[in-house]
Amino acid sequence: MIAVPEPGLTEREIVERAVALRPALLERQPETERLTHYPKDTHDDFLRAGFYRILQPRRYGGYEFGLPVFYRVVVEIARGCPSTGWALSLTAAHVLQAAGVFEEKAQDEFFGTDGDFRAASTVLPIGVAQPDGDDHVVLDGTWPYSSGAPYSTHYVGQTLRAPDRPGDPPGPPVLFVAPRSVWTVLDDWHGVLGLRGTGSNSIHMEQARIPAYFTREVSLLDLPTVGGSVGSALHGNPMYAGRAPSFFHGELAAIMIGTAYAAADEYARIVAARPLALEPDRTRAELHDYQRHLGEALGLIHTAEAALRQTAEDWMETCRRNVAGESPFTIVEDNRLALMFLNAGRMAWDVLQGILFRTAGSRYARDGERMQRYFRDAATYWTHVGASMAEPLVRRVGCDRLGLPSEHIPLIP
């Protein structure tokens, strides 16, 4: 057992810590983009606040707070800086899969003696896992878009099983956890439109040797969770027997909702500070149109957040029913929850680009303006593989309702 840093920390307190960090994150936005990852001061703030440990099992020094709290923290951090919220979420989240899929022996080594665990990840498999004797595998390759890599202690990645015979195609996906000592971060996160401070660098492995029990022949998109998992039994918490695709969509929705709130905050500041051209003693805040724009935007963002929170509760309840034997956490359930999360994120994007950015004024689309940064970040999210799953997900949910097979519809093109 690893001691929890603050045994008495409550869910409310950890959310309040995220809210309190917002002014500092706002000020650090330009530095975060310049560095291409959030600065060490922010990393130290996160360590002190316990954000990296929200989903981590108590057995290994975590708080085990659950999805609703995790997403609330992500919303608040993204409201201060979208890039930082993205990197925090995609670094602190993958503990859920590491603690859910791997055996106790592996988890003991992942978390060590202090429970310091942060893991970047990507969903696509790269290379093959070459066997090295009976007890190790060797990994080679470059895994791109590894958000949060600069501060990660581990990497949760996917590769393919080496072919049984020369000339045969590679085998099925292999999930692995690789410690920081066997991979390097490439300085290649430059030239992107938005999310410039997410540290979404590539990580490179060259003859990286890891124990075979740091691998599982499973896919992140189809984890073996029906009826429970290794992690739910080990930790006594059904949260560690949840399917991953819907969970990942919840992360992206939380980031987008936080970004939309950030844009609404900036919009309120802009209209309150900008004098009218013909009546300089008055501001845009006094005009009905801008009041209506802001009110409409806030109403829709609040609705998106309500959907996020309720779907997070539904995800947790689906895990509970799964482990209790009441009803399995099926792909059909995963499709339903994923689409709800995705719709919440899409609603936030529509508000940001269709109301707030559009009516703020072109002077706020200039370099260095926060409104421009929020638009760039949100537009980059809309090109992400997660957002691109909208079409196959709606088709899957339709087929599920019609009693038709849907698993053959690929989520990733």
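Preceding this paragraph is the structure being described.
Predicted model only: the values in this text are computed from it and were never measured.

About the thresholds
Residues numbered from 1 in each chain as written. Predicted model: local features only at pLDDT ≥ 70, side-chain atom pairs only at ≥ 80, totals over all residues. Heavy atoms only, no water. Helix = DSSP H or I, 4+ residues; strand = E, 2+ residues; numbered from the N terminus. Expected span 1.5 Å × (residues − 1). Buried < 20%, exposed > 50% of the residue type's maximum accessible area, 1.4 Å probe, protein only. Contact = heavy atoms within 4.5 Å. Pairing = 2+ DSSP bridges. 1 Å grid on protein atoms, 1.4 Å probe; cavity = no way out; pocket = protein on both sides within 12 Å on 5 of 7 lines; lining within 4 Å. Points joined across faces, edges and corners; volume = space filled by probe spheres on them. Axes fitted to C-alpha atoms, helices over the stretch in contact; angles between N-to-C directions. Parallel < 35°, antiparallel > 145°, perpendicular 65-115°, else oblique. Left-handed = near helix turned anticlockwise from the far one by under 90°. Nonpolar A, V, L, I, M, F, W, Y, C, P; charged D, E, K, R; others polar. Salt bridge = Lys/Arg side-chain N within 4 Å of Asp/Glu carboxyl O.

Student: What am I meant to see in helix α10 (residues 288–324) here?
Tutor: Counted at 1.5 Å a residue, the expected span for α10 with its 37 residues is 54 Å, and the 54 Å between its end C-alpha atoms agrees. Phi for Gly325, located one or two positions after α10, is positive at around 80 degrees.

Student: I keep staring at the environment of Val15 and nothing clicks. Help me out?
Tutor: Following the sequence through the fold, Val15 ends up in helix α1 (residues 11–20). Residue Val15 is classed as buried on the basis of its relative accessible area, which comes to 8%. Separated by 62 residues in sequence, Val15 and Ile77 have C-alpha atoms that sit 9.6 Å apart. Ignoring anything within four residues of it in the chain, the contact list for Val15 reads Val69, Arg72 and Val73.

Student: I tried to follow the pairing of strand β2 (residues 128–132) on my own but got confused; where do I start?
Tutor: Working note: regular strand, side chains alternate between the two faces of the sheet. When β2 meets strand β4 (residues 154–161), the two strands line up parallel, connected through two bridges. Along β4, the bridge assignment pairs Val128 with Leu160. Where β2 and strand β3 (residues 136–146) come together, three bridges link them in antiparallel fashion. In the strand pairing of β3, Pro131 is matched with Val137.

Student: Is there a simple way to think about the layout of surface pockets in this case?
Tutor: Over the atoms, a rolling probe the size of a water molecule traces out where space has been left empty. As a volume, the largest pocket reaches approximately 740 Å³. As for the largest pocket, its lining consists of 31 residues, of which Val123, Tyr145, His384, Val385 and Gly386 are closest to the centre. If you list the elements that add at least two residues to the lining of the largest pocket, you get α5 (82–92), β3 and α9 (244–273). Take the lining of the largest pocket: its biggest share by element is five residues, from α9.

Student: Before we go on, may I ask you to explain the packing of helix α2 (residues 22–35) against helix α12 (residues 370–381) in this structure?
Tutor: If you want to describe how two helices pack, look at the angle between their axes and the distance between the axes. The geometry of α2 relative to α12 is characterised by a closest axis approach of 12 Å and an angle of 60 degrees between their N-to-C directions. As far as their axial angle goes, α12 and α2 are oblique. At the point where α2 passes α12, the crossing takes the left-handed sense. Seen from α2, the contacting residues are Leu26, Glu27, Gln29, Pro30 and Glu33; seen from α12, they are Arg370, Arg373, Tyr374, Arg376 and Asp377. For the contact of α2 with α12, the residue count by class is three nonpolar, one polar and six charged.

Student: In this structure, what is going on with the packing of α5 against α9? I would like to understand it.
Tutor: Contact geometry for α5 and α9: axes closest at 9 Å, N-to-C directions at 160 degrees. Considering the angle they form, α5 stands roughly antiparallel to α9. Where α5 crosses over α9, the handedness of that crossing is right-handed. Contacts from Pro82, Gly85, Trp86, Ser89 and Leu90 in α5 reach Glu251, Leu252, Ile255 and Thr259 in α9. Looking at the contact of α5 with α9 residue by residue, the class counts come to five nonpolar, three polar and one charged.

Student: Mind showing me how you'd approach the pattern of salt bridges here?
Tutor: On inspection of all chains with the given rule, the structure shows 27 salt bridges. Across the pair Glu16 and Arg12 runs a salt bridge, and its minimum N-O distance is 3.0 Å. Of this pair, Glu16 and Arg12 are both found in helix α1, four residues apart, which corresponds to roughly one turn of the helix. Overall, Glu16 belongs to the partly exposed group, its relative accessible area being 43%. Arg12 sits in the exposed class, given a relative accessible area of 64%. For Glu217, the salt bridge is made with Arg161, and the minimal N-O distance between the two is 3.2 Å. Note that Glu217 is positioned in the loop between β8 (215–216) and α8 (230–235) and Arg161 in strand β4, a separation of 56 residues in sequence. Exposure remark for Arg161: the relative accessible area of 29% places this residue in the partly exposed category. A single network of salt bridges, built from pairs that share partners, joins Glu317, Arg320, Arg321, Glu326, Glu333 and Arg336.

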